[in-house]
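Residue-level structural notes
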Amino acid sequence: MSNDHFHVHSAHEHEVEHQAHKGVGLAQYVAIFTAILSVCGAVISYQGSATQTEAMLLKNNAVLKKAEATDQWSFYQAKSNKGHLMELAMEIDPSKADQYHSKLEKYEKEKSEIKTKAEAIDLEAQKANQQSELLMEPHHRLAEAMTFTQIAIALASITILTRKRWLFVIAGTSATIGLMLWGLALTA
């Protein structure tokens, strides 16, 4: 019977052939939409992670600088205490006032240098903290953008299962909001 060129299609082959003749359908649009959103979501996720990591590193640097500044302020306080002891010693033993006075001047000079260094380190800590705060603002927008993108992908998947086109419209709206938030994060 092979000479008759008679071929029987299975149900699956018949459906594939039928879909091929129908042209582009909802399923293909949803598949393309979902693929594009998945790529966008991957980029948004990367950018969100990168900004969060950088913000955390800056925050950590701010904490370390603050600890360093605190050490300098403690050193400053110790020099102040030594200076007060020299003042007290001058009152108790005026015969050694010149010796105590020279030490007091030395401590005052050292205090001035320590204060300048501590203030500079405090300023570095504040700057790192502010930079960390600034990086967290786009991070929040990126997290929101990722959320709306994921909602859009989920709704698109449900669209295929239910064949409800209105779900695809909601998915598109969610995707649009996500992409707008992504754009806002990039301009921040």
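Residues numbered from 1 in each chain as written. Predicted model: local features only at pLDDT ≥ 70, side-chain atom pairs only at ≥ 80, totals over all residues. Heavy atoms only, no water.

Observations concerning the overall build of the chain
As a reminder of what qualifies: The helix count covers DSSP runs of H or I at least four residues long, the strand count covers runs of E at least two residues long, and both are numbered beginning at the N terminus. Throughout, exposure labels follow a simple rule: accessible area from a 1.4 Å probe, protein chains only, divided by the maximum for the residue type, with under 20% read as buried, over 50% as exposed, and the rest as partly exposed. Only heavy atoms enter the contact rule, under which two residues are in contact if any of them lie within 4.5 Å. Surface accessibility in these figures is a Shrake-Rupley result with a 1.4 Å probe; residues are shielded only by whichever protein chains are displayed.
Along the chain, the regular secondary structure elements total four helices and zero strands. Moving toward the C terminus, one meets the helices and strands of the chain in the order α-α-α-α. Residue burial in the chain is summarised as follows: out of 188 residues, 28% are buried. Residue pairs in contact within the chain that sit at least 24 positions apart in sequence constitute 81% of those at least 6 positions apart. Summed over all atoms, the accessible surface of the chain reaches about 13000 Å², with 61% contributed by carbon and sulfur.

Structural notes on the side chain of threonine 149
By the element assignment, threonine 149 lies in helix α3 (residues 97–162). The exposure class assigned to threonine 149 is buried, which follows from its relative accessible area of 0%. Excluding residues within four positions of it along the chain, threonine 149 makes contact with Leu37, Gly41, Ile44 and Gly178.

Thoughts on the pattern of salt bridges
Let me state the cut-off plainly: We define a salt bridge as a contact between a side-chain nitrogen of Lys or Arg and a carboxyl oxygen of Asp or Glu at a distance within 4 Å.
For the structure on display, the rule yields seven salt bridges. Linking glutamate 133 and lysine 59 is a salt bridge whose minimum nitrogen-to-oxygen distance equals 2.9 Å. Of this pair, glutamate 133 sits in helix α3 while lysine 59 sits in helix α2 (residues 26–92), and the two are 74 residues apart along the sequence. Judged by relative accessible area, which is 48%, glutamate 133 ranks as partly exposed. Between glutamate 124 and lysine 65 there is a salt bridge, with the nearest N and O atoms lying 2.9 Å from each other. Here lysine 65 lies in helix α2 and glutamate 124 lies in helix α3, a separation of 59 residues in the sequence. Sharing partners across several salt bridges, the network here consists of Lys65, Glu68 and Glu124.

Points about the confidence of the model for the chain
Rule in force here: pLDDT gives the predictor's per-residue confidence on a scale running from 0 to 100.
Per-residue pLDDT for the chain averages 88, and the proportion of residues at 70 or more is 87%. Averaged pLDDT values for the elements of the chain fall to 56 in helix α1 (residues 11–22) and rise to 94 in helix α4 (residues 165–187).

Considerations on the nonpolar core
Heads up, the condition is: The set of buried Ala, Val, Leu, Ile, Met, Phe, Trp, Tyr and Cys residues whose side-chain atoms join them within 4.5 Å is what this entry labels a nonpolar core.
Listed in full, the 11 residues of the largest apolar core are Leu26, Val30, Phe33, Leu37, Ala152, Leu155, Ala156, Leu167, Phe168, Ala171 and Ala175. Among the secondary structure elements, those contributing two or more residues to this core are α2, α3 and α4. If we ignore the near neighbours within four places in the chain, the residues touching alanine 171 are Phe33, Ala152, Leu155 and Ala156. Ile44, Leu142, Ala145 and Trp182 belong to the second largest nonpolar core, which has eight residues in total.

Digging into the packing of α2 against α4
Inclusion rule: To obtain each axis, a line is fitted to C-alpha atoms, and for helices this fit is confined to the stretch in contact; angles are then taken between N-to-C directions over 0 to 180 degrees. Note that the term roughly parallel is reserved for angles under 35 degrees, roughly antiparallel for angles over 145, roughly perpendicular for angles of 65 to 115, and oblique for everything else. When the near helix sits turned anticlockwise from the far one by under a right angle, the crossing is termed left-handed; a clockwise turn instead gives a right-handed crossing.
Packing of α2 against α4 leaves a shortest axis separation of 11 Å and a crossing angle of 25 degrees. It follows from the interaxial angle that α2 and α4 lie roughly parallel. The handedness of the crossing between α2 and α4 is left-handed. Facing Leu26, Tyr29, Val30, Phe33, Leu37, Cys40, Val43, Ile44 and Gln47 of α2, the residues of α4 in contact are Arg165, Phe168, Ala171, Gly172, Ala175, Leu179, Trp182 and Leu186.

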